[in-house]
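Here is what each chain is made of, one letter per residue.
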Amino acid sequence: MKIVNAGFEIMDPLNGEEILRKIERVARVCYKSEDKITVGSAEKMVRGLVKRGHEAMLEHFSFSVKFTVDRGVSHELVRHRIASFAQESTRYCNYGHEGEISVIEPFYFKECRDKEPWKYNAWVEACCKAEDRYLCLLEWGASPQEARAVLPNSLKTEIVVTANLREWRNIFKLRAVGVTGKPHPQMLEVMVPLLEEVKKQIPVVFDDLVLQLVLLREII
């Protein structure tokens, strides 16, 4: 059994200045104010759009992120309907060819390994048993889509999420900031650093959400 860490990869180059300029050009069509485009006007325009909640203009730019997470986290990601998904399929991927399955290590079990080793050991034991039964089922003639019935929730999966900026803001609100309740710890593990990274690459669009994160950390 291979134990791997959760992570993400932004699959598109993000030129923040170009993105803001495109959004400005699109938005100014609504007001026929293209003549007001100047150096620095894009940032001011987008900041105003976000502040006023006029986020429809943010739908005109999309980017993709490949997440490496467990199946539980991926089940939450696909609930975001205004997005496109491509996910590693347990129906067609035969992990018997590799001789082992890959699982995502829950960091909260890893962190308590010294003080409460029985929690971590119970997780490892459960995953190992699932791996053994999965490989046995394949050996006995079961197809991958049949054998997957015994795979654990911790199974590693790769899922590509493509969404426009408006939907990414919504995803981050729910999965990083937690506007409707605290997100699952393993979701926070990937979403918080992703939010911080895209904020660095794309000015203005995500500034308010990162500020909310900072304020939450101070309160906690």
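All figures in this text were calculated on a predicted structure; none of them were measured in a lab.

Caption draft 1: Summary view of helix 7 (residues 165-177). All of the buried residues in helix 7 are L165, E167, W168, R169, I171, F172, R175, A176 and V177. If you check the start of helix 7, you find a side-chain oxygen 3.0 Å away from the backbone N of R166, and it comes from N164. Just downstream of helix 7 lies G178, where phi reads positive at about 80°.

Caption draft 2: Looking closely at the environment of M57. Positionally, M57 belongs in the loop between helix 2 (41-52) and strand 3 (62-70). Linking M57 and V198, residues 141 residues apart in sequence, is a C-alpha distance of 18 Å. Once residues lying within four places of it in the same chain are set aside, the contact partners of M57 are I23, V26, A27, C30 and L49.

Caption draft 3: Representation of the environment of G141. With respect to the secondary-structure elements, G141 resides in the loop between helix 5 (117-139) and helix 6 (144-147). Overall, G141 belongs to the exposed group, its relative accessible area being 60%. Sequence separation between G141 and M57 is 84 residues, and the spatial gap between their C-alpha atoms is 53 Å.

Parameters at a glance
Sequence positions are assigned chain by chain, starting from 1 and proceeding in written order. With pLDDT at 70 or above as the cut-off, local features in this predicted model cover only qualifying residues; side-chain atom pairs require 80 or more to be listed or tallied, and sums for whole chains, interfaces and linings still use all residues. Side-chain metrics rest on all non-hydrogen atoms present in the structure, leaving aside hydrogens and water. Relative accessibility thresholds used throughout: buried, under 20% of the residue-type maximum; exposed, over 50%; partly exposed, between the two (1.4 Å probe, protein chains only). Each helix is a run of DSSP H or I of at least 4 residues and each strand a run of E of at least 2, with the numbering of both proceeding from the N terminus. Under this definition, polar contacts are N or O atom pairs within 3.5 Å; protein pairs additionally need one hydrogen-donor-capable and one acceptor-capable atom, and for neighbouring residues in sequence, both atoms have to be side-chain atoms. Between two residues, a contact is recorded if the distance between any of their heavy atoms is within 4.5 Å.

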